[in-house]
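Architecture and fold: a report
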Amino acid sequence: MSIIGEYLRVTAAELERAIRDPDWALELVEELRDAQEETEPAPAEARHFSTYKAWDLLRFLLERDGFPVNVVHGEHSFAEDSDWGYGPPRYLRPDRVRLAAEALRATSYPQLIAGVDPSELTRAEVYPLGWTEPGSLEWAHPWYDDLTQFFEAAAKADEAMLLWLD
């Protein structure tokens, strides 16, 4: 079974309702995820997005770079008694989404991997293991670019973000 990073763009009103009613939020997630499976929108037009198994590599690289926002795990938890796969969901408020979008846009993927030795990933047990393969650091590049577009669209719409591992 794989662990994948999941995101949902929500309005400020939807965020407040999600915090008050986590069951409603999970229903919203499932409804939007199912609807998108049929249309497969581009990251800038999507409400749901996944970094698949690249989430932990992105977390490692962004933390190593001193990124100002936790765009992998979120910054505030809610639904403490709920398990959306691997623990409860978390969220980012619109101001943090804007800051994250600016920082993602200003940081290229080649900048993130510059000077990274794949053995660092192995020592840190970054999921999903196997960092000794040639080109392994490049593997997450497309997800980083798509995540940047997803956050930029959310920031432009003044939206918040729900985040969880599934």
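Report on the accompanying structure. (Residues numbered from 1 in each chain as written. Predicted model: local features only at pLDDT ≥ 70, side-chain atom pairs only at ≥ 80, totals over all residues. Heavy atoms only, no water.)

**Things to note about the overall build of the protein**
Our working rule: Starting at the N terminus, helices and strands are each numbered in turn, a helix being any DSSP run of H or I of at least four residues and a strand any DSSP run of E of at least two. As defined in this context, the radius of gyration uses C-alpha atoms, and a globule is described by 2.2 Å times the residue total to the power 0.38. For the exposure calls, accessible area comes from a 1.4 Å probe over protein chains only, and a residue counts as buried if that area is under 20% of its type's maximum, exposed if over 50%, partly exposed in between. Should any heavy atoms of two residues lie within 4.5 Å, those residues are counted as being in contact. Here Asp and Glu are counted as negative and Lys and Arg as positive; His is not counted, and neither are the chain ends. Note on charges: their place is set at NZ of Lys, CZ of Arg, CG of Asp or CD of Glu.
Broken down by element type, the protein carries seven helices and five strands. Taken from the N to the C terminus, the helices and strands of the protein come in the order β-α-α-β-α-β-β-α-α-α-α-β. Relative to the compact-globule value of 15 Å for 166 residues, the protein shows a C-alpha radius of gyration of 16 Å, a close match. Over its C-alpha atoms, taken along the principal directions, the protein stretches across nearly 45 × 35 × 30 Å. Residue burial in the protein is summarised as follows: out of 166 residues, 47% are buried. Residue pairs at least 24 apart in sequence account for 79% of intrachain contacts in the protein once pairs closer than 6 positions are excluded. Here the protein contributes 15 positively and 33 negatively charged side chains, and the mean placements of these two sets differ by 5 Å.

**Comments concerning the sheet that holds strand β3 (residues 76-77)**
This is how it is decided: Paired strands, in this sense, are two strands between which DSSP finds at least two bridges. Fitted lines through C-alpha atoms give the axes, limited to the stretch in contact for helices. The angle between two N-to-C directions lies from 0 to 180 degrees.
Across the sheet, five strands lie side by side as β2-β1-β5-β4-β3; this open sheet has antiparallel pairing. What marks the edges here is a single partner per strand, and that holds for β2 (48-52) and β3. Pairing analysis gives two bridges linking β3 to strand β4 (residues 90-92), with the strands arranged antiparallel. When the bridges of β4 are listed, H76 appears paired with Y91. Lying over the sheet, helix α1 (residues 12-20) contacts β1 (5-10), β4 and β5 (160-165), oriented at roughly 120° with respect to β1.

**Considerations on the nonpolar core**
As a rule of thumb, nonpolar side chains are buried together in soluble globular proteins. Spelled out, the test is: By convention a nonpolar core is built from buried Ala, Val, Leu, Ile, Met, Phe, Trp, Tyr and Cys residues, the set being connected through side-chain atoms within 4.5 Å.
Grouped together as the largest cluster of nonpolar side chains are 39 residues, with contacts concentrated most on Y7, L57, V71, Y109, F151 and M161. Only α3 (55-64), α4 (94-106), α5 (109-113), α7 (141-156) and β5 provide two or more residues apiece to this core. The next biggest cluster of nonpolar side chains, apart from the first, holds 16 residues, and it includes L8, F78, W84 and L162.

**So, the packing of aromatic side chains**
Put simply, the rule is: Paired rings are identified among Phe, Tyr and Trp, the last through its six-membered ring, by centres lying within 6.5 Å, and are further divided according to the angle between planes into stacked (under 30 degrees), edge-to-face (over 60) and tilted (the rest).
Scanning the model with the defined rule gives twelve aromatic pairs in all. Between F49 and F150, the aromatic rings sit 5.2 Å apart at their centres with planes inclined by 25°, giving stacked as the arrangement. One end of the pair, F49, is in strand β2; the other, F150, is in helix α7, and 101 residues separate them in sequence. Given the relative accessible area of 8%, F49 is considered buried. Judged by relative accessible area, F150 falls into the buried class, the value being 0%. Aromatic side chains Y109 and Y144 sit 5.7 Å apart centroid to centroid with 50° between the ring planes, which places their arrangement in the tilted category.

Remember that the coordinates give geometry; whether it matters functionally is a separate question.
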